[in-house]
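Letter by letter, the chains look like this.
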Amino acid sequence: MKEQNQISMEIVNPKAAGIDIGSRSHFVAVGQKEEHVREFGVYNEDLKAISNWLKENGI
């Protein structure tokens, strides 16, 4: 098994999220681990789901 290099960054604002906006989907990260990243669609109900997920995570 190949070892992956991992880059850890200092958390400056724990109440912030990273959002990668694309034409087919949006990726939202509320932390630095893989399980803290979710993919969402681009339609209104998907944007509402992003908003709800951010609120659930205190962001």
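Since this is a predicted model, take the numbers as computed values, not measurements.

**Focus on the overall build of the chain**
Scanning the chain from N- to C-terminus turns up one helix and three strands. Listing the helices and strands of the chain from first to last along the sequence gives β-β-β-α. Taken against the 2.2 N^0.38 rule, which gives 10 Å for 59 residues, the C-alpha radius of gyration of the chain at 13 Å runs more than 25% over that of a compact globule. When its C-alpha atoms are laid out on the principal axes, the chain stretches across 40 × 25 × 15 Å. The proportion of buried residues among the 59 residues of the chain is 15%. Roughly 5,400 Å² of accessible area belongs to the chain as shown, and the carbon and sulfur atoms make up 49% of that amount. Mean positive and mean negative side-chain charge positions of the chain (7 and 9 charges, respectively) differ by 4 Å.

**A short note on the pairing of strand 1 (residues 18–21)**
Residues in a regular strand point their side chains to alternate faces of the sheet. Sheet topology places strand 1 next to strand 2 (residues 26–29); four bridges connect them, and they run antiparallel. In the strand pairing of strand 2, D20 is matched with F27. Counted between consecutive antiparallel strands, the loop separating strand 1 from strand 2 contains four residues.

**Here we look at the sheet that holds strand 1**
Sheet strands line up and pair through hydrogen bonds in the backbone, either parallel or antiparallel. The strand order across the open sheet built from three strands is 1-2-3, with neighbouring strands paired in antiparallel fashion. The strands lining the two open edges of the sheet, one partner per strand, are strand 1 and strand 3 (37–40). Pairwise comparison of adjacent strand axes, ignoring direction, gives a mean angle of 15° for this sheet. The sheet contacts of helix 1 (residues 44–56) involve strand 2 and strand 3, and relative to strand 3 the element is tilted by about 160°.

**Quick word on the packing of aromatic side chains**
Applying the stated criterion across every chain, the model contains one aromatic pair. Ring centres 5.8 Å apart and planes at 50° place the aromatic pair F40 and W53 in the tilted group. Of the two residues, F40 is situated in strand 3 and W53 in helix 1; the sequence distance between them amounts to 13 residues. In terms of burial, F40 and W53 fall into one category: buried.

What counts, and where the lines are drawn
- Residues numbered from 1 in each chain as written.
- Predicted model: local features only at pLDDT ≥ 70, side-chain atom pairs only at ≥ 80, totals over all residues.
- Heavy atoms only, no water.
- Helix = DSSP H or I, 4+ residues; strand = E, 2+ residues; numbered from the N terminus.
- Rg over C-alpha atoms; globule rule 2.2 N^0.38 Å.
- Buried < 20%, exposed > 50% of the residue type's maximum accessible area, 1.4 Å probe, protein only.
- Areas by Shrake-Rupley, 256 points an atom, 1.4 Å probe, with all protein chains shown as cover.
- Lys, Arg positive; Asp, Glu negative; His and termini not counted.
- Charge placed at Lys NZ, Arg CZ, Asp CG, Glu CD.
- Pairing = 2+ DSSP bridges.
- Axes fitted to C-alpha atoms, helices over the stretch in contact; angles between N-to-C directions.
- Contact = heavy atoms within 4.5 Å.
- Phe/Tyr/Trp six-rings, centres within 6.5 Å; stacked < 30°, edge-to-face > 60°.

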